[in-house]
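What follows is each chain in one-letter form.
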Amino acid sequence: MKKQFNLFLLLVLGAGMMTIQSCSEDEGNDPEPEVEEQVITCLPTTVTESEEGNTITINYEYDANDVLVKSTKEEDGEARLSTYEYDADGMLSKVITEDETAEFLYAAGSTTPERINISTNGQPSSFIVISSSAGNITKIENSYYDNGEAILSDVTNFTYVDNKLNSSISESYDPTTETFVTVAQISDITFDGKKNPFNSNIAFAFDGDIDPLAITPENIASGNIVTVVGTEEVTLPYTGTYTYNENDYPITSRQSLANFFNTDYTYEYTCK
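Participant: Help me out: how do you make sense of the overall build of the chain in this one?
Facilitator: On a plain count of helices and strands, the chain comes out with two helices and 16 strands. Within the chain, the fraction of its 272 residues that count as buried is 31%. With an accessible surface of roughly 17200 Å², the chain has 50% of that area assigned to carbon and sulfur atoms.

Participant: Help me understand the confidence of the model for the chain in this model?
Facilitator: In regions of low pLDDT, the predicted coordinates are not meant to be interpreted in detail. Residues at a pLDDT of 70 or more form 86% of the chain, whose mean pLDDT is 85. Element-level pLDDT for the chain is lowest in helix H1 (residues 2-27), with a mean of 31, against a maximum mean of 97 in strand E5 (residues 92-96). Counting contacts from residues 1-27, a segment whose pLDDT is below 50, to residues more than four positions away or on other chains yields two contacts.

Participant: Please explain the side chain of Asn142 as it appears in this structure.
Facilitator: Along the chain, Asn142 falls in strand E9 (residues 136-146). Under the relative-accessibility criterion, Asn142 is labelled buried at 19%. Polar side-chain contacts of Asn142 include one of 2.9 Å to the side chain of Asp154. Residue contacts for Asn142: discarding those within four places in its chain leaves Phe127, Ile128, Ile151, Leu152, Ser153 and Asp154.

Participant: Please explain the packing of aromatic side chains as it appears in this structure.
Facilitator: Both the distance between ring centres and the angle between the ring planes are used here to describe each pair of aromatic rings. Within this structure, the stated rule accounts for ten aromatic pairs. Consider the rings of Phe104 and Phe206, whose centres lie 5.4 Å apart with planes at 75 degrees: the pair is edge-to-face. Of this pair, Phe104 sits in strand E6 (residues 100-106) while Phe206 sits in the loop between helix H2 (202-205) and strand E13 (220-229), placing them 102 residues apart in sequence. There is no split in this pair, since Phe104 and Phe206 are both buried. Taken together, a centroid distance of 5.5 Å and an interplanar angle of 55 degrees make the contact between Tyr249 and Tyr269 tilted. Within this pair, whereas Tyr249 is found in the loop between strand E14 (232-244) and strand E15 (250-257), its partner Tyr269 is found in strand E16 (residues 261-271), the two being separated by 20 residues in sequence. The same class applies to Tyr249 as to Tyr269, namely buried. Put simply, the rings of Tyr249, Tyr265, Tyr267 and Tyr269 touch in pairs and so form one group of aromatic residues. Taking NZ or CZ as reference, Arg115 lies 4.0 Å from the ring centre of Phe127, over its face. Above the plane of the ring of Tyr244 lies Lys194, whose end atom (NZ or CZ) is 5.5 Å from the centre.

Participant: Where do I start with the environment of Ser222 in this structure?
Facilitator: With respect to the helices and strands, the residue Ser222 is situated in strand E13. A sequence separation of 17 residues divides Ser222 from Thr239, and the C-alpha atoms of the two residues are 4.3 Å apart. Not counting residues up to four positions away in its chain, the partners in contact with Ser222 are Asp188, Ile189, Thr190, Tyr238 and Thr239. For Ser222, the side chain forms a polar contact with the side chain of Thr190, separated by 2.5 Å.

Basis of the calculations
- Residues numbered from 1 in each chain as written.
- Predicted model: local features only at pLDDT ≥ 70, side-chain atom pairs only at ≥ 80, totals over all residues.
- Heavy atoms only, no water.
- Helix = DSSP H or I, 4+ residues; strand = E, 2+ residues; numbered from the N terminus.
- Buried < 20%, exposed > 50% of the residue type's maximum accessible area, 1.4 Å probe, protein only.
- Areas by Shrake-Rupley, 256 points an atom, 1.4 Å probe, with all protein chains shown as cover.
- pLDDT = per-residue confidence, 0-100.
- Contact = heavy atoms within 4.5 Å.
- Polar contact = N/O pair within 3.5 Å; in protein donor to acceptor, adjacent residues only side chain to side chain.
- Phe/Tyr/Trp six-rings, centres within 6.5 Å; stacked < 30°, edge-to-face > 60°.
- Lys NZ or Arg CZ within 6 Å of the ring centre and 35° of its normal.

In structure tokens, the structure reads:
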């Protein structure tokens, strides 16, 4: 019966289309032009993070072209200013704080950096190597310098299903034994289908390291975190819950681990 109903609906729509075409030919009236839906982008101006009584607030500033140029991170009564510089193609080239400079390097034709060189007080201190495929980050390797020698610190690999982040595994590296130790695994990641407040902009994802979840198009809704507690491997459920503005951007969120460890966020925007 359902198949017959769908066929009937198709025939009715087809007849209607033929009628419209017939009237257009007879009367010489042009069809009404389609009205494009206006796309509104919201830029975060203030993000507040609260966890167990501790609060971190980040304020963002933009230039006349809505490009992020400054952020101020306030924590424990101290303020940390970051400035953002871009190359001639508009891609992020440097993030500069009081004592640290991060320089972003790109492969030809890529909009995802392949390496971030970090210097502290003018001296090379660490670097991040980023592997990507089809615009998705697949691996992040963190290294630091010890007496001028580069030492690998940790590696995180990411996997995708239908072009969406699905799982990751983080491993720390022991240079003495030259072995990797799994720190945490995240699997079965799902998203909310709404808009990420940071609009996939890598400038928001960098705060001394890279947070891939800050540059996903949507917000994480759930996942499972596998880690070691003592000597036992345990699986802890992770959930993200949100309220949204009229443009589908979150205005509040709670990130919960095992329904016990909670981090709350509030977001303020300017929308255009």
